[in-house]
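The residues making up each chain are set out below.
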Amino acid sequence: MPALFSRRVPDPAHRNPLARAVSRRRRLGAPILDLTLANPTQVGLVSHPGVLAALTDPAGATYAPDPCGDAGARVALARDLARRRPAKLKPRPQDLVLAASTSEAYSWLFKLLCDPGDEILVPAPGYPLFAHLAALEGVIAVTYPLALQDRWRLDLEDVAVRVTSRTRAVVVVSPHNPTGWTLSNGEAAALMKLAAARNLVVISDEVFADFQFTGHRDWCSLPEQAAGKPAPCLALAGRGGRRVSLGGLSKEAGLPQMKVGWLLLGGEARWRREALARLELIADTYLSLATPQQKALPAWLRGARPYRRELRRRLTENRRVLARALSRKNRGELLSSAGGWSAVIRLPMVRDDQEDALALLREEGVLVHPGYYYDFTGGTFLVLSLLPRPGDFAEGVARLAAYLDRRPQGGGKF
Ligand SMILES: Cc1ncc(COP(=O)(O)O)c(C=O)c1O
């Protein structure tokens, strides 16, 4: 019998053991200290007071959609990005396309660039959303490795060998979720060279670009970042090639509920012109952003600065607490990171990461993500969010430390 449903959609009945254990605890009313919490609206951060009032602009009552986004909203966004991403080039409003999230912007790019069965290259470890986003477009997400040496590194040879006649684009995430790896200027130039030679588009996901640990010598994975220089915005870093940078309010303004993301086209003028004309057709098919949302965007962008300031402080402070706890012998290694909202711990390989995550939940009521969620291989890795309230985070880390003190260490070998 032919299948009823498309293979692009995974079977929702399939749930992993940790998700089942969490549901069971919740059903029983047992508390969970959630160190995976990454929702900025649920961790007690400042929210600017006018956030809902901005939706009442009377201009929002008239429907006159521009598929690529309201003109005024794009001008405000271009100005805001020029301030936040100082670069050789200035963002132009006409190179911006608004979407209802960064995830939607990805799906539009996959529609733009790929036929069913085409391939895009994505990093592993990496954020699990890519495989789903690609699959829903009938596209194959092929992983290339970020390798853990003294720090996370991208070897472009590892990317080059995975390019086939069906590869259309390479995705980099900078700062990367969850490792905190970031693209250096040198890597960006080399990647653009490879892309030009193999006819690829480079998509740079920069949703965490405002959250880089510049100046933290002992955390940063790039020497230039340790010296205070942030990772480049790829779309604005050069005039050549085919580049796209992605961003969105969910991380950059702490407003995931407002559903605004964007893509910024960069590189050769002809590529930008041709891509934009096609993106306009794709966006016109959905017109997915509400008018009040787009009219509110300038105010939301203006109001986001205190949130970013506070969150940067929080990420740094929580990371310090974690680093201090793990500095005790045999508690595991906090991996270096140049930015983002996550911290990755490597443990001696006496258990796999799912066993550790399950044991930590059972014994201490603390929830972390096992590394396999993000495609980590070759070790036991746990991933924590740095967003939780400082008190919750410190308590969770203290319980994690207690767990690690009991955990067999297998001679401390990773
Ligand atoms: C690297 C990365 N890109 C994109 C997204 C999705 O962002 P949005 O909420 O705008 O779809 C996330 C969400 O966690 C992310 O981690």
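Residues numbered from 1 in each chain as written. Predicted model: local features only at pLDDT ≥ 70, side-chain atom pairs only at ≥ 80, totals over all residues.

Asker: What should I look at first to understand the overall build of the protein in this one?
Answerer: When its secondary structure is counted, the protein shows 13 helices and 14 strands. Computed over C-alpha atoms, the radius of gyration of the protein comes to 22 Å, within 12% of the 22 Å expected from 2.2 N^0.38 for 414 residues, which places it in the range of a compact globule. In terms of its C-alpha atoms, the protein occupies a principal-axis envelope of roughly 60 × 60 × 50 Å. Out of the 414 residues in the protein, the part that is buried amounts to 45%. (Helix = DSSP H or I, 4+ residues; strand = E, 2+ residues; numbered from the N terminus. Rg over C-alpha atoms; globule rule 2.2 N^0.38 Å. Buried ≥ 20, exposed ≤ 12 C-beta atoms within 10 Å, placed from the backbone.)

Asker: Explain the sheet that holds strand 5 (residues 152–154) to me, please; I cannot follow it from the model alone.
Answerer: Sheet strands line up and pair through hydrogen bonds in the backbone, either parallel or antiparallel. Taken together, the 8 strands give an open sheet; going across it, the order is 2-9-8-7-6-3-4-5, and neighbouring strands pair in mixed fashion. Of all the strands in the sheet, the pair left with one neighbour each is strand 2 (96–99) and strand 5. Adjacent strand axes in the sheet meet at a mean angle of 30 degrees when their direction is disregarded. The pairing of strand 2 with strand 9 (residues 261–267) spans 4 bridges and is classified as antiparallel. (Pairing = 2+ DSSP bridges. Axes fitted to C-alpha atoms, helices over the stretch in contact; angles between N-to-C directions.)

Asker: Looking at this model, I keep getting lost on the pairing of strand 3 (residues 119–124). Mind explaining?
Answerer: Successive side chains on a regular strand alternate, one facing one side of the sheet and the next facing the other. Alignment of strand 3 against strand 4 (residues 140–148), held across 6 bridges, turns out to be parallel. Its bridge partner being in strand 4, Ile-120 is matched across the sheet by Ala-141. As judged from the 3 bridges shared by strand 3 and strand 6 (residues 167–173), these two strands associate in the parallel manner. Its bridge partner lying in strand 6, Ile-120 is registered against Ala-169.

Asker: How should the sheet that holds strand 11 (residues 342–347) be read in this particular structure?
Answerer: Pairing within the open sheet is antiparallel, and its 4 strands lie in the order 10-11-14-13. Of all the strands in the sheet, the pair left with one neighbour each is strand 10 (333–334) and strand 13 (369–370). Pairing of strand 10 with strand 11, which is carried by 2 bridges, proceeds in the antiparallel orientation. Note that in strand 11 the partner of Leu-334 across the bridge is Ile-345. Across the sheet, helix 12 (residues 353–364) is in contact with strand 11, strand 13 and strand 14 (380–385); its angle to strand 14 comes to roughly 50 degrees. (Contact = placed C-beta atoms within 7 Å.)

Asker: Where do I start with the environment of Glu-252 in this structure?
Answerer: Along the chain, Glu-252 falls in helix 8 (residues 249–252). Taking C-alpha positions, Glu-252 is 30 Å from Arg-270, a pair spaced 18 residues apart along the chain. With residues up to four places along the chain from it excluded, the contact list for Glu-252 reads Val-207, Asp-210, Gly-247 and Ala-304.

Asker: I would appreciate a short explanation of the site of the ligand in the present structure.
Answerer: Lining the immediate environment of the ligand, one finds Ser-101, Thr-102, Ser-103, Tyr-127, Val-173, Asn-177, Asp-205, Val-207, Gly-248, Ser-250, Pro-256 and Gly-261. Taken together, the residues that form the shell around the ligand break down as 4 nonpolar, 7 polar and 1 charged. (Near = placed C-beta within 6 Å. Nonpolar A, V, L, I, M, F, W, Y, C, P; charged D, E, K, R; others polar.)

Asker: Quick question: what am I supposed to make of the packing of helix 1 (residues 17–28) against helix 12 here?
Answerer: A packed helix pair is summarised by two numbers, namely the angle formed by the two axes and the spacing between the axes. The interhelical angle for the contact between helix 1 and helix 12, taken along N-to-C directions, is 10 degrees, at an axis separation of 10 Å. In terms of orientation, helix 1 and helix 12 fall into the roughly parallel class. For the pair helix 1 and helix 12, contact is made by Pro-17, Leu-18 and Ala-21 and by Gln-354, Ala-357, Leu-358 and Leu-361, respectively. Considered class by class, the residues forming the contact of helix 1 with helix 12 number 6 nonpolar, 1 polar and no charged. (Parallel < 35°, antiparallel > 145°, perpendicular 65-115°, else oblique.)

Asker: Explanation requested: the domain arrangement of the protein in the structure shown.
Answerer: Quite often, the size of an interface is put as the accessible area lost when its parts meet. Structurally, the protein comprises domain 1 (17–38 + 306–406) and domain 2 (53–303). Taking the mean C-alpha position of each, domain 1 and domain 2 sit 27 Å from one another. Of the residues lining the interface, 20 residues belong to domain 1; the matching set on domain 2 comes to 27 residues. Among the secondary structure elements, those contributing two or more residues to the side of domain 1 that touches domain 2 are helix 11 (305–326) and strand 11. At 6 residues, helix 11 tops the list of elements feeding residues into the side of domain 1 that touches domain 2. Residues that form the side of domain 1 that touches domain 2 fall into these classes: 11 nonpolar, 5 polar and 4 charged. (Domains from an automatic or database assignment.)

Asker: I'm lost on unusual backbone geometry in this one. Help?
Answerer: With an omega of -5 degrees, the peptide bond between Ser-174 and Pro-175 qualifies as cis. Residue Asn-177 is joined to Pro-178 through a cis peptide bond whose omega torsion reads 10 degrees. Tracing the backbone shows Pro-178 in the loop between strand 6 and helix 6 (185–198). Although it is not a glycine, Asn-199 sits at a positive phi angle of roughly 60 degrees. Tracing the backbone shows Asn-199 in the loop between helix 6 and strand 7 (201–205). Exposure remark for Asn-199: the 11 C-beta atoms within 10 Å place this residue in the exposed category. With a phi angle near 40 degrees, Leu-287 is a residue other than glycine that sits in the positive phi range. By secondary structure assignment, the location of Leu-287 is in the loop between helix 9 (269–286) and helix 10 (291–302).

Asker: What am I meant to see in helix 1 here?
Answerer: Note: α-helices contain 3.6 residues per turn, so residues at a spacing of three or four share the same orientation. With 12 residues, helix 1 should reach 16 Å at 1.5 Å per residue; the first-to-last C-alpha distance of 17 Å fits that figure. Of all 12 residues making up helix 1, only 1 are buried, and the element is barely covered by its neighbours. Trailing helix 1 by a residue or two, Gly-29 shows a phi angle of about 80 degrees, which is positive. (Expected span 1.5 Å × (residues − 1).)

Asker: Is there a simple way to explain the pairing of strand 7 in this structure?
Answerer: Within strand 7, 5 of the 5 residues are buried, leaving the element largely enclosed by the surrounding structure. Residues Val-201, Ile-203 and Asp-205 line one face of strand 7 and the alternating positions Val-202 and Ser-204 line the opposite face, and both faces are buried. One ladder, built from 5 bridges, connects strand 6 with strand 7; its direction is parallel. Following the sheet pairing, Val-173 is matched in strand 7 by Asp-205. Regarding topology, helix 6 serves as the crossover connection from strand 6 to the parallel strand 7, and that connection is right-handed. (Right-handed = clockwise from strand over helix to strand, strands pointing away.)

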